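As a plain string of letters, each chain reads:
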Amino acid sequence: MRNSIIRGIAFLEYCTGLLAGRMCGVSFIARYLRNPNPRVTIKLLRAFGATVGRDTTIKRALVIDNASEDQNSSGDFSHLKIGANCYIGDNSFLDLADHIIIEDNAIISANASFVTHASCGRSPYLSTKFPRKCARIVVKTGAWVGYGATVFPGVTVGRNAVLGAHSLLLEDADPGCLYVGIPAKKVQEFAGGQS
Ligand SMILES: CC(C)(COP(=O)(O)OP(=O)(O)OC[C@H]1O[C@@H](n2cnc3c(N)ncnc32)[C@H](O)[C@@H]1OP(=O)(O)O)[C@@H](O)C(=O)NCCC(=O)NCCS
């Protein structure tokens, strides 16, 4: 009985979200996903263009930025591709100005941030020094991004690589290696982790 009620509420939330998203745009769904019913999250992501593979868990809140506001935005969640059997921790920050591709079996711990663009265009001076950048992020199969870590535009986290908690990854992480610190540096290679 209790389970049927929980499923019924989730279905109602999904239908309401779908309708509101179709009427008000994807920014409504992005707002809802900051405090969602986790049973509804993956369905809504898929309904608005994201790819999410089977057996993937999205723990709770997602902070999705730039699904629609940025000049490179797609206007939906199609820049987000999450493979099968992934774990996406609470409060992950996903900047969808460009693509974020998370391959199968990857683990994203809570409060990790994926920043796909950098722009200081409102400052005439700084925008000449730091031209706008916008580039995809890829997290390869089996990689682990630790709690509160940040990945910058254009960076790939290699297969079975680990990014330590609160680290800042500015360049590609080699497969099967541990990166830690700000900026993150390689400190270890795992035997057999490259294959
Ligand atoms: C990366 C991690 C897995 C490494 O664990 P470990 O194998 O026990 O490694 P060690 O503690 O031996 O650390 C190896 C070196 O990296 C350093 N290091 C480890 N994690 C670090 C981090 N997050 N930031 C900076 N340095 C770090 C250690 O100080 C050590 O340096 P040293 O060799 O100069 O002493 C772990 O530190 C980590 O960050 N885990 C993430 C936990 C998490 O995100 N949990 C969320 C729920 S899943």
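The following paragraphs examine the structure supplied in this document. (Residues numbered from 1 in each chain as written. Predicted model: local features only at pLDDT ≥ 70, side-chain atom pairs only at ≥ 80, totals over all residues. Heavy atoms only, no water.)

Looking now at the overall build of the protein. Broken down by element type, the protein carries four helices and 19 strands. In terms of overall size, the protein behaves like a compact globule, its C-alpha atoms giving a radius of gyration of 18 Å where 195 residues would be expected to give roughly 16 Å. Along the three orthogonal principal directions, the C-alpha set of the protein runs to about 50 × 50 × 20 Å. A buried classification covers 44% of the 195 residues belonging to the protein. A separation of at least 24 residues holds for 42% of the contacts in the protein among residues at least 6 apart in sequence. In the structure as shown, the protein presents an accessible area of about 10,000 Å², 55% of it carried by carbon and sulfur atoms. (Helix = DSSP H or I, 4+ residues; strand = E, 2+ residues; numbered from the N terminus. Rg over C-alpha atoms; globule rule 2.2 N^0.38 Å. Buried < 20%, exposed > 50% of the residue type's maximum accessible area, 1.4 Å probe, protein only. Contact = heavy atoms within 4.5 Å. Areas by Shrake-Rupley, 256 points an atom, 1.4 Å probe, with all protein chains shown as cover.)

Further remarks concern the site of the ligand. All residues in the neighbourhood of the ligand are listed as S109, W144, G146, Y147, G164, A165, L178, V180 and G181. Here an oxygen atom of the ligand and a backbone polar atom of Y147 are 2.6 Å apart. The separation between a nitrogen atom of the ligand and a polar main-chain atom of A165 is 2.7 Å. Within the complex, the protein chains bury 37% of what would otherwise be the 910 Å² of accessible surface of the ligand. (Near = heavy atom within 4 Å. Polar contact = N/O pair within 3.5 Å; in protein donor to acceptor, adjacent residues only side chain to side chain.)

Here we come to the packing of aromatic side chains. A full pass over the atoms with the stated rule returns zero aromatic pairs. Sitting over the face of the ring of F48, R22 holds its NZ or CZ atom 4.8 Å from the ring centroid. (Phe/Tyr/Trp six-rings, centres within 6.5 Å; stacked < 30°, edge-to-face > 60°. Lys NZ or Arg CZ within 6 Å of the ring centre and 35° of its normal.)

Moving on, we come to the side chain of T116. For T116, the position within the fold is in the loop between β9 (113-114) and β10 (117-118). For T116, the side chain forms a polar contact with the main-chain nitrogen of D98, separated by 3.0 Å. Ignoring any residue separated from it by four or fewer positions in sequence, one finds T116 in contact with D95, L96, A97, D98, H99, I100, K133, C134, A135, I137 and P153.

This paragraph deals with the packing of helix α1 (residues 2-24) against helix α3 (residues 38-47). Packing of α1 against α3 leaves a shortest axis separation of 10 Å and a crossing angle of 30°. Considered as vectors, α1 and α3 are oriented roughly parallel to each other. Remark: the crossing between α1 and α3 carries right-handed chirality. Here α1 contributes I6, R7, A10, E13, Y14, G17, L18 and R22 to the contact with α3, which in turn contributes R39, V40, K43, L44 and A47. Here the residues of the contact of α1 with α3 are counted per class, giving seven nonpolar, one polar and five charged. (Axes fitted to C-alpha atoms, helices over the stretch in contact; angles between N-to-C directions. Parallel < 35°, antiparallel > 145°, perpendicular 65-115°, else oblique. Left-handed = near helix turned anticlockwise from the far one by under 90°. Nonpolar A, V, L, I, M, F, W, Y, C, P; charged D, E, K, R; others polar.)

Moving on to the sheet that holds strand β2 (residues 57-58). Note on sheets: strands pair through backbone hydrogen bonds, and any given pair is parallel or antiparallel. Sheet architecture is open: seven strands sit in the order β2-β5-β8-β13-β16-β18-β19, paired in mixed fashion. At either margin of the open sheet sits one strand with a lone partner, and together these are β2 and β19 (185-189). As paired elements, β2 and strand β5 (residues 87-88) share two bridges and run parallel to each other. Looking across to β5, one finds that T57 is bridged to Y87. (Pairing = 2+ DSSP bridges.)

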